[in-house]
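Given next are the chains, with one letter for each unit.
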Amino acid sequence: MEPELGSERPRLAQAWDSGRTSGDLESAPIWQVGGRKLSPAGRPSLGAGQSGGPAGPPSAPSPRSWRLVVTRLLSLARGGAGASAVPVLSRLQCHITAPAPTMLLLLPAALAVAAAWPGCEPAGDPAGGCRRPSAPDSATCVDLQLRTCSDAAYNQTAFPTPLEHRSRAAVEASPEYVLLSVLHHLLEGQCNPDLRLLGCAVLAPRCEGGRASRPCRRVCEGLREACLPAFDAIDMAWPYFLDCGRYFGEEEEGCYDPLEKLRGGLDEEEALPSGLPPAFVDFSHHSYAQMVRVLKRTAARCPQVARTYSIGRSFDGRELLVIEFSGRPGQHELLEPEVKLIGNIHGNEVAGREMLIYLAQYLCSEYLLGSARIQRLLNTTRIHLLPSMNPDGYEVAAAEGAGYNGWTSGRQNAQNLDLNRNFPDLTSEFYRLASTRGARTDHIAVPPHYWWGKVAPETKAIMKWMRTAPFVLSASLHGGDLVVSYPFDFSRHPHEEKMFSPTPDEKMFKLLARAYADVHPMMMDKSENRCGGNFLKRGSIINGADWYSFTGGMSDFNYLHSNCFEITVELGCVKFPPEEALYGLWQHNKEPLLSFMEMVHRGIKGVVMDKFGKPVKNARISVKGIRHDITTAPDGDYWRLLPPGTHIVIAQAPGYSKVIKRVTIPARLRRAGRVDFILQPLGTGPKKFLQGPRRSGPGLRDPPGGAGPHGAPEEPGQEPLRRPPGAGGKPWWWSYFTALSQHKPRWLLKY
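Structure report, in brief. Along every chain, residues carry numbers that run from 1 in the direction the sequence is written. Only residues with pLDDT of at least 70 get local features here, since the model is predicted, and only at 80 or more are side-chain atom pairs given and counted; chain-wide, interface and lining totals rely on the full set of residues. Hydrogens and water are ignored here; the side-chain numbers use all heavy atoms of the structure.

**Brief notes about the overall build of the chain**
Rules: Helix and strand assignments follow DSSP, with helices taken as H or I runs no shorter than four residues and strands as E runs no shorter than two, numbered in order from the N terminus. Relative accessibility under 20% of the residue-type maximum defines a buried residue, over 50% an exposed one, and the middle range a partly exposed one, all with a 1.4 Å probe and only protein chains included. Values of accessible area rely on a 1.4 Å probe in the Shrake-Rupley scheme; residue burial ignores everything except the protein chains shown.
Summing up its helical and strand segments, the chain has 21 helices and 22 strands in all. Residues classed as buried in the chain amount to 53% of the 751 residues present. Surface accessibility of the chain: about 32,900 Å² in total, with carbon and sulfur atoms responsible for 52%.

Laid out in structure tokens, this is it:
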């Protein structure tokens, strides 16, 4: 790879300005570029301490070396250093075979040309490279008319750009601009629009008041750390023009944050109306910015039990913000079960979004007021609330407004994907494995071909989130009817639109669904003419596939891929209710939400350890008669939701003998029974333990690149590289760039 031309000028200029004699100049390494010495052929020479023998004194540059230097300077002159310098350099090129003194007479003119080139300035880089110059004192500001950068935080730019593009047309024709325009598709929404706005800050620098300024280096470094794994996942190198040390500035030189508009003032605190207490709950619809402020303000009121964090971004770049409640926020505590509640998976079904915003404020206020029930719940349970899984779809629905929203407007995300149909279809694989004796039907791996389809960033965020915490219980809040449904959602006969399709944990799922429905006043209303009246005879609960069958649902995926049991709650027949109905909805759903979260403490819990007291992670907990195992967390703790009755429970791990216990759960027990297991190592004989799922033939295979304990990639949310056969060793995306432009961006290749 050719060295940067810009790094030659300071080396050459320093050699001349030092006042050396002609003999010194002949022996000086003036062809040193970026901290590397170049041989006459232009390749880096071996320095001291490298293989190839000890480094001797530098030899005088050969005519070929002079020709290399002058040819490069001539290229600089023609490219922008000034047409008047071309004859001088051409003359120097003609005298390239002359004695060194003759060339030295012409060298000052060449050095003057190099000094006039604006591409690089000495920066004291420890690596010997160069940094781009700081923003010029003055610039001619022009309107920013680049479509890909239309949502930047500024509206004027200046030419030439740091990449030496001298016009809008030059920018739009560049491979760098093409990359920015398709990056959100290549990364499937990850780091979007953050990376695009960061790249725009380099391709079209901000210009205000006749002065161009550089974006802040800290913003670039933070984004690089967060987004580099997404580039690695598609085998793409980090773009050179996002070099944080080269094209970005420091705070002291007046840099700016190119992502400030993206945050949209979310960090600014919105003051409550005067005279209202901090515990005031506004029963109204919340915009995205208002939702974020309320969640952050709530966490700030209860820092001892609450915090907010993001699990990723939507396709349009909105944070998927979670508020957590726990005795120790941010930490998993031994034997403390984890619950998650998710709202707004369909953007136009907004009641769940508002219920979770209200629930967060309620939990905080009641905790501070000393409510024994809420304090006990938060001190024994780790609760995660994601009010909006589909904030992009919500914006579409909210633009129409309550009462005017169509049945489907805003349902999908910004990619026009139904997020509750976008998860891997593991239910079909379950039905196939269920017919195979001895095959495991739990913790089914994501099939590799799933990643070749269109996977929404919101879906990826949930899948990654599920691997970061040992969730036990979950609920997804919807709208459009009044009923609680539970897995399976996909019929065991694919051609049956309605068919009762129970899981091995049918009894437990019914208990979970009833825990919500039985305390919901409208679900228990005996009128068949009400919303959801057709489910009255079923107790307002139903098996999902018996209602209507669909594949790719989040509830089925939770059950078959992890330890988590998830139900679906339909909160009402109006998907986007008017504001005056929200307080009534909260009163109807407050107790059901609390009752459901308390169900996480049903069944048994415990720790699996070896004879030395060391926790055994990924041990399997089996229950006789229920063909669905759960696994222990990294600390060796587990939670097994079970209905009342007597159960035979088995704990086992590879390399250990299994332990069997008989457990009786009383019907009135409201706290999980403690059942610990101590596993003994197997002897020297063959190691016998329950077999994992058989995946012979064309069935599921663990993704390449290392797999976790359940057959999924070690890196949460990491999918296998998508490199189709016959691509000549190039990544799958390379053909797109080569077909689009004659300038091939080889800087995107890692190899």
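Having seen it, we continue.
**A closer look at helix H14 (residues 391–400)**
Filter applied, for reference: Contacts are residue-level and defined by heavy atoms, with any inter-residue pair within 4.5 Å sufficient.
Within H14 the residues assigned to the buried category are Pro391, Asp392, Gly393, Tyr394 and Ala397. Of the surrounding secondary structure, the elements contacted by the buried residues of H14 are helix H11 (288–301), strand E8 (319–325), helix H12 (351–368) and helix H16 (457–468). Gly401, located one to two residues past H14, shows a positive phi value of around 90°.

**Remarks on the environment of Arg217**
Operational definition: Polar contacts here mean pairs of N or O atoms no more than 3.5 Å apart (in protein, one a potential hydrogen donor and the other a potential acceptor; neighbouring residues in sequence count only if both atoms are side-chain atoms).
Secondary-structure assignment places Arg217 in helix H9 (residues 217–233). Arg217 gets classed as partly exposed once you look at its relative accessible area, which sits at 26%. With 38 residues separating them along the chain, Arg217 and Cys255 place their C-alpha atoms 8.1 Å apart. Engagement of the side chain of Arg217 in a polar contact is seen with the side chain of Glu221, the distance being 2.9 Å.

**Focus on the sheet that holds strand E17 (residues 626–631)**
Cut-off, in case you're wondering: Strands are labelled as partners when DSSP assigns at least two bridges between them. Note on geometry: axes are C-alpha line fits, over the in-contact stretch for helices, and angles between N-to-C directions span 0 to 180 degrees.
Strand order in the open sheet formed by 4 strands is E17-E16-E19-E20, with antiparallel pairing between adjacent strands. Each edge of the sheet is formed by a strand with only one pairing partner; in this case those strands are E17 and strand E20 (659–665). For this sheet, the mean angle separating the axes of adjacent strands, direction not counted, is 25°. Pairing geometry for strand E19 (residues 645–652) and E20, over 7 bridges, is antiparallel. Among the inter-strand pairings, Val649 is bridged to a residue of E20, identified as Lys661.

**Looking at the packing of helix H17 (residues 506–517) against helix H20 (residues 582–598)**
To keep it simple, the criterion reads: Should an angle fall under 35 degrees it is called roughly parallel, over 145 degrees roughly antiparallel, and 65 to 115 degrees roughly perpendicular, with every other angle called oblique. Three classes are used: nonpolar for Ala, Val, Leu, Ile, Met, Phe, Trp, Tyr, Cys and Pro, charged for Asp, Glu, Lys and Arg, and polar for all others, with Gly counted as polar.
Running from N to C, H17 and H20 cross one another at 150°; their axes reach a closest spacing of 7 Å. Comparing their axes, H20 and H17 come out roughly antiparallel. Where H17 abuts H20, its residues Leu512, Ala515 and Tyr516 lie against Asn589, Pro592, Leu593, Ser595 and Phe596. Considered class by class, the residues forming the contact of H17 with H20 number 6 nonpolar, 2 polar and no charged.

**Regarding the pairing of strand E12 (residues 481–486)**
The test is simple: Crossovers are described as right-handed under a simple rule: with the strands pointing away from the observer, the path leading from the first strand over the helix to the second runs clockwise.
Of all 6 residues in E12, 6 are buried; the element is thus mostly enclosed. Side chains Asp481, Val483 and Ser485 project from E12 onto one buried face, and the interleaved Leu482, Val484 and Tyr486 project onto a second face that is buried too. Relative to strand E13 (residues 541–543), E12 is paired through 3 bridges, and the arrangement is parallel. Residue pairing in the sheet places Tyr486 in a bridge with Asn543 of E13. Following the chain from E12 across H17 to the adjacent parallel E13, one finds a crossover that is right-handed.

**Notes on the pattern of salt bridges**
The following threshold applies: Each reported salt bridge corresponds to a side-chain nitrogen of Lys or Arg within 4 Å of a carboxyl oxygen of Asp or Glu.
Tallied over the entire structure, the rule returns 29 salt bridges. Ionic pairing is found between Arg432 and Glu429, a salt bridge with its closest N-O pair at 2.5 Å. Highlighted residues: Arg432 and Glu429, both in helix H15 (residues 427–434), separated by 3 residues, approximately one helical turn. The salt bridge involving Arg440 is made with Asp442; its shortest N-O contact spans 2.4 Å. Each of the two residues, Arg440 as well as Asp442, counts as buried. What emerges from the salt-bridge pattern is a single network uniting Arg307, Glu324, Glu338 and Arg382.

**Side note on the packing of helix H8 (residues 194–203) against H9**
Pairs of packed helices are described in terms of their axes, by the angle between the two and the distance that separates them. The condition that has to hold: Two helices that cross are described as forming a left-handed crossing if the nearer one is turned anticlockwise from the farther one by less than a right angle, and a right-handed crossing if clockwise.
Packing of H8 against H9 brings their axes to within 11 Å, and their N-to-C directions diverge by 130°. Between H8 and H9, the crossing angle belongs to the class labelled oblique. In the packing of H8 onto H9, the handedness of the crossing is left-handed. Within the contact between the two elements, H8 uses Asp194, Leu195 and Leu198 and H9 uses Val219, Cys220, Leu223, Cys227 and Phe231. Of the residues in the contact of H8 with H9, the class split is 7 nonpolar, no polar and 1 charged.

**Brief notes about the packing of aromatic side chains**
When we look at a pair of aromatic rings, we describe it by the centre distance and by the angle of the planes. Short version of the rule: For this analysis, a ring pair means two rings from Phe, Tyr or Trp (six-membered ring only for Trp) whose centres lie within 6.5 Å, classed as stacked if their planes differ by under 30 degrees, edge-to-face if by over 60, and tilted for the remaining angles.
What the rule picks out here adds up to 27 aromatic pairs. Aromatic pair Phe509 and Tyr559: ring centres 5.4 Å apart, planes at 65°, arrangement edge-to-face. A residue pair is termed long-range when its members are at least 10 positions apart, and Phe509 in helix H17 and Tyr559 in helix H19 (residues 554–561) qualify at 50 residues. Residue Phe509 is classed as buried on the basis of its relative accessible area of 0%. Given the relative accessible area of 0%, Tyr559 is considered buried. Pairing Tyr638 with Phe677 gives two aromatic rings, centres 6.3 Å apart and planes at 50°, and the pair type is tilted. Of this pair, Tyr638 sits in strand E18 (residues 637–640) while Phe677 sits in strand E22 (residues 677–679), and the two are 39 residues apart along the sequence. Both residues of the pair, Tyr638 and Phe677, belong to the buried class.

**Details of the nonpolar core**
Going by this rule: Grouping buried Ala, Val, Leu, Ile, Met, Phe, Trp, Tyr and Cys residues that are joined through side-chain atoms within 4.5 Å yields what is termed a nonpolar core. Note that the domain bounds were set by an automatic or database domain assignment.
Core analysis: the largest hydrophobic core is formed by 99 residues, its most contacted members being Phe325, Leu341, Leu359, Ile462 and Leu512. The dominant element in this core, judged by the number of residues it contributes, is H12, at 11 residues. Both domain 2 (288–601) and domain 3 (604–681) contribute no fewer than three residues apiece to this core. Discounting residues that sit within four places of it in the chain, Ile462 has contacts with Ile311, Ile342, Leu386, Met389, Phe423 and Met554. Leu197, Leu203, Ile234 and Trp734 belong to the second largest nonpolar core, which has 47 residues in total.

**Side note on the environment of Leu433**
Structurally, the position occupied by Leu433 is in helix H15. The exposure class of Leu433 is buried, given its relative accessible area of 3%. Separated by 11 residues in sequence, Leu433 and Ile444 place their C-alpha atoms 9.8 Å apart.

**Some details on the sheet that holds strand E7 (residues 306–313)**
Spatial ordering of the open sheet is given by E7-E8-E10-E9-E11-E14-E12-E13, a layout of 8 strands whose pairing is mixed. In this open sheet, the two strands that pair with only one neighbour each are E7 and E13. With strand direction ignored, the average angle separating the axes of adjacent strands in the sheet is 25°. With 5 bridges connecting them, strand E9 (residues 338–343) and strand E10 (residues 382–386) associate as parallel partners.

**Things to note about unusual backbone geometry**
Following Phe159, the chain continues to Pro160 via a peptide bond in cis, the omega torsion being 0°. The residue Pro160 is located in the loop between strand E4 (156–157) and helix H6 (168–172) in this model. The phi torsion at Asp235 lies on the positive side, around 65°, for a residue other than glycine. Assignment of secondary structure puts Asp235 in the loop between H9 and helix H10 (260–263). For Asp235, a relative accessible area of 5% puts it in the buried group.

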